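One-letter residues, chain by chain:
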Amino acid sequence: MQSGKRPVFGNRHLTDDSKVFQHNAWDNVEWTEDQENQAHKITSDQTENAMTEESQQKYLENAASFWDKFYEKHDNKFFKDRHWLFTEFPELIATDKKTLSPDDSEIELQKQTYEKTKKENESEDTVLFPVKCDHESPNKLLQADLPGSNSSLRYMEIGCGAGNTIFPVLNVTQDPNLFLYACDYSQTAVDLVKSHKNYDTSRCYAFVHDISSTDQQFPMPEESLDIVIMIFVLSALEFKNMHSAIQRIVKLLKPGGMILFRDYGRYDMAQLRFKSGRCLSQNFYTRGDGTLVYFFTQEEVRDVFTAAGLVEKQNIVDRRLQVNRARQIKMYRVWVQAKYQKPTL
Ligand SMILES: C[S@@+](CC[C@H](N)C(=O)[O-])C[C@H]1O[C@@H](n2cnc3c(N)ncnc32)[C@H](O)[C@@H]1O
């Protein structure tokens, strides 16, 4: 089931198989039953040949240090800036008009809605976005010395990596009211973010935090964030820790606040390519570099967020066929994208 309308992205459909190599990518590709069965068979075989619990320990216990090594090796060169963010998540765009392409009507519409909501709420001195709430001003809720305590709009990215999401958001919005928090459990990743030329302490604050740890404290108080961004991060957690991690994050959201989520989907090409012996448990793997990855169904994503009391605004499977035209190779990508909102009181 698909919920939530999908804007802008996803408009090139493959209707004639003979034309598959005419473009680099095709959107919303239907899978045949055969293909689905084949994927099921591959993943069942992987699970049957899963590694022993003893061998798993190395990856589970040292998960953050494998990511440290990853960033030591790749620096900030591995992930590309997430420029699709603003077509998939127009909620992220705040008030600046200058940087948007004028013909992007969907984004413009979202911005107008934002500004209208903001105006309506300003008169009541309440939290501004995405919906008004009856709490006292967020400025009063935050400790004065916490970076971002004077901002009226606060986002946090979890698992920020080298900053391929936060820097595009900072560049595109330019909203002086917006403050961005960014956390990652890899110290090396956080150091990369802090040493980036666009890291501006008046607009953002990066810190080390492990979302699967129930002992650690977030630096900001409950109900202080408007948006939490989770892009390819939940998949790095053990399935059994996902619910508690999301519950901790939900406490930080203001009523009306949103979680914007995108992650690996079940039977993505990356899953089907795992060799025997890389599987820890069903749909959960370790890559060659020791980092961990889970592949979600829509229902699993729905379950983890709605169990934490959030309301579903979008939950879609993005199936894309990427094509290497030179080598005539077809790559079937699957991602789950979702938006969940904390109910207003
Ligand atoms: C696939 S990378 C994605 C990075 C970034 N979100 C992006 O899209 O470019 C996953 C990131 O999540 C971080 N991560 C994994 N598990 C985490 C946890 N339990 N707490 C905080 N960060 C975590 C990793 O260190 C890594 O930087």
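Source: prediction; values computed, not measured.

**Student:** Could you clarify how one ought to interpret the nonpolar core in this entry?
**Tutor:** Note that soluble globular proteins tend to have their nonpolar side chains buried in a common cluster. Counting residues in each nonpolar core, the largest one holds 43 residues, and the members touching the most others are Met156, Met220, Met230 and Phe305. Here methionine 156 is in contact with Tyr181, Cys183, Phe207, Phe218, Met220, Leu225, Ile227, Val228, Ile229 and Leu252, once residues within four sequence places are set aside. By size, the runner-up hydrophobic cluster in this structure holds 35 residues, among which are Leu85, Cys204, Ile227 and Phe232.

**Student:** Is there a simple way to explain the site of the ligand in this structure?
**Tutor:** Near the ligand you find 20 residues, and of these Tyr71, Arg82, Gly159, Asp184 and Asp210 are the closest. Separating a nitrogen atom of the ligand from a backbone N or O atom of glycine 159 is a distance of 2.7 Å. A distance of 2.8 Å separates a nitrogen atom of the ligand from a polar side-chain atom of aspartate 210. Within the shell around the ligand, the residues separate by chemical class into 11 nonpolar, 5 polar and 4 charged.

**Student:** When you look at the environment of glycine 159 in this model, what are you seeing that I'm missing?
**Tutor:** Along the chain, the position of glycine 159 falls in the loop between strand 2 (153–158) and helix 7 (166–173). The exposure class assigned to glycine 159 is partly exposed, which follows from its relative accessible area of 22%. Taking the C-alpha atoms as reference points, glycine 159 and isoleucine 231, 72 residues apart in sequence, are found 7.5 Å from one another. Setting aside chain neighbours within four positions, we find glycine 159 in contact with Cys183, Asp184 and Val233.

**Student:** Looking at this structure, how should I read the confidence of the model for the protein chain?
**Tutor:** Interpretation of the predicted coordinates at a detailed level should be avoided for regions scoring low in pLDDT. Averaged over every residue, the pLDDT of the protein chain is 85; residues scoring 70 or more account for 83%. When the criterion is pLDDT under 50, residues 5–9 qualifies, and its contacts beyond four places in sequence or with other chains add up to 15 contacts.

**Student:** Would you explain the side chain of serine 224 in this entry?
**Tutor:** Along the chain, serine 224 turns up in the loop between strand 4 (204–208) and strand 5 (225–231). Excluding residues within four positions of it along the chain, serine 224 makes contact with Leu142, Arg154, Leu252, Leu253 and Lys254.

**Student:** How should the pairing of strand 11 (residues 329–341) be read in this particular structure?
**Tutor:** Successive side chains on a regular strand alternate, one facing one side of the sheet and the next facing the other. Most of strand 11 sits inside the fold, with 10 of its 13 residues counted as buried. Both strand 6 (residues 253–264) and strand 11 contribute to a ladder of 7 bridges, which runs antiparallel. Its bridge partner lying in strand 11, isoleucine 259 is registered against tyrosine 340. Inspection of the sheet shows strand 10 (residues 311–324) paired to strand 11 by 13 bridges, in the antiparallel sense. The residue of strand 11 that forms the bridge with glutamine 314 is lysine 339.

**Student:** How should helix 9 (residues 239–252) be read in this particular structure?
**Tutor:** Residue pairs three or four apart in sequence face the same way in an α-helix, which turns once every 3.6 residues. Turning to helix 9, its buried residues are Asn241, Met242, Ala245, Ile246, Arg248, Ile249, Val250 and Leu252. Tucked inside the fold, the buried residues of helix 9 contact strand 2, strand 5, strand 6, strand 9 (292–294) and helix 11 (298–306).

**Student:** Help me out: how do you make sense of the sheet that holds strand 1 (residues 25–27) in this one?
**Tutor:** Whenever strands of a sheet pair, they do so through backbone hydrogen bonds, lying parallel or antiparallel. An order of 1-10-11-6-5-2-3-4 is seen for the 8 strands of this open sheet, with the pairing classed as mixed. The outermost strands of the open sheet, each flanked by one partner alone, are strand 1 and strand 4. Adjacent strand axes in the sheet meet at a mean angle of 15°, parallel and antiparallel pairs treated alike. In this sheet, strand 6 lies alongside strand 5 in parallel orientation, the contact comprising 6 bridges. Within strand 6, the position partnered with valine 228 by the bridge is isoleucine 259.

**Student:** Would you take a moment to explain helix 1 (residues 33–48) for this structure?
**Tutor:** Between its terminal C-alpha atoms helix 1 stretches 22 Å, which fits the 22 Å expected from 16 residues at 1.5 Å a residue. Among the residues making up helix 1, those that are buried are Gln35, Ala39, Thr43 and Gln46. Looking straight down helix 1, one finds that the buried residues subtend no more than 65° of arc, so they occupy a single side. Facing away from the buried surface of helix 1 by more than 90 degrees, the exposed residues are Glu33, Asp34, Gln38 and Glu48. Contact partners of the buried residues in helix 1: helix 10 (269–272), strand 7 (279–281), strand 8 (284–286) and strand 11.

**Student:** What should I look at first to understand the sheet that holds strand 8 in this one?
**Tutor:** Read across the open sheet, the 3 strands follow the order 7-8-9; overall the sheet is antiparallel. Strand pairing shows two members of the sheet lacking a second neighbour, strand 7 and strand 9, which therefore form its edges. Between one strand and the next, the sheet's axes are offset by a mean angle of 30°, whatever the strand orientation.

**Student:** How should I be thinking about the packing of aromatic side chains in this particular structure?
**Tutor:** For any pair of aromatic rings, the description consists of the separation of the ring centres together with the inter-plane angle of the planes. All chains considered together, the criterion is met by 24 aromatic pairs. Between phenylalanine 70 and phenylalanine 78, the ring centres sit 5.0 Å apart and the planes meet at 75°, which makes this aromatic pair edge-to-face. Here phenylalanine 78 falls in the partly exposed class, since its relative accessible area comes to 43%. Where phenylalanine 284 meets tyrosine 294, the ring centres are 6.4 Å apart and the plane angle is 50°; that geometry is what we call tilted. Separated by 10 residues along the polypeptide, phenylalanine 284 in strand 8 and tyrosine 294 in strand 9 bring together distant segments of the chain. The exposure class assigned to phenylalanine 284 is buried, which follows from its relative accessible area of 4%. Among the residues examined, tyrosine 294 registers a relative accessible area of 5% and is labelled buried. Each member of the aromatic cluster is reached from another via a ring pair, and the members are Phe239, Phe261, Phe284, Tyr294, Phe296, Phe305 and Tyr340. Lying across the ring of phenylalanine 66, lysine 69 places its NZ or CZ 5.3 Å from the centre. We note arginine 262 situated over the ring of tryptophan 84; from NZ or CZ to the ring centre the distance is 4.9 Å.

Calculation criteria
- Residues numbered from 1 in each chain as written.
- Predicted model: local features only at pLDDT ≥ 70, side-chain atom pairs only at ≥ 80, totals over all residues.
- Heavy atoms only, no water.
- Core = buried A, V, L, I, M, F, W, Y, C linked by side-chain atoms within 4.5 Å.
- Buried < 20%, exposed > 50% of the residue type's maximum accessible area, 1.4 Å probe, protein only.
- Contact = heavy atoms within 4.5 Å.
- Near = heavy atom within 4 Å.
- Polar contact = N/O pair within 3.5 Å; in protein donor to acceptor, adjacent residues only side chain to side chain.
- Nonpolar A, V, L, I, M, F, W, Y, C, P; charged D, E, K, R; others polar.
- Helix = DSSP H or I, 4+ residues; strand = E, 2+ residues; numbered from the N terminus.
- pLDDT = per-residue confidence, 0-100.
- Pairing = 2+ DSSP bridges.
- Axes fitted to C-alpha atoms, helices over the stretch in contact; angles between N-to-C directions.
- Expected span 1.5 Å × (residues − 1).
- Arc of directions from axis to C-beta.
- Phe/Tyr/Trp six-rings, centres within 6.5 Å; stacked < 30°, edge-to-face > 60°.
- Lys NZ or Arg CZ within 6 Å of the ring centre and 35° of its normal.

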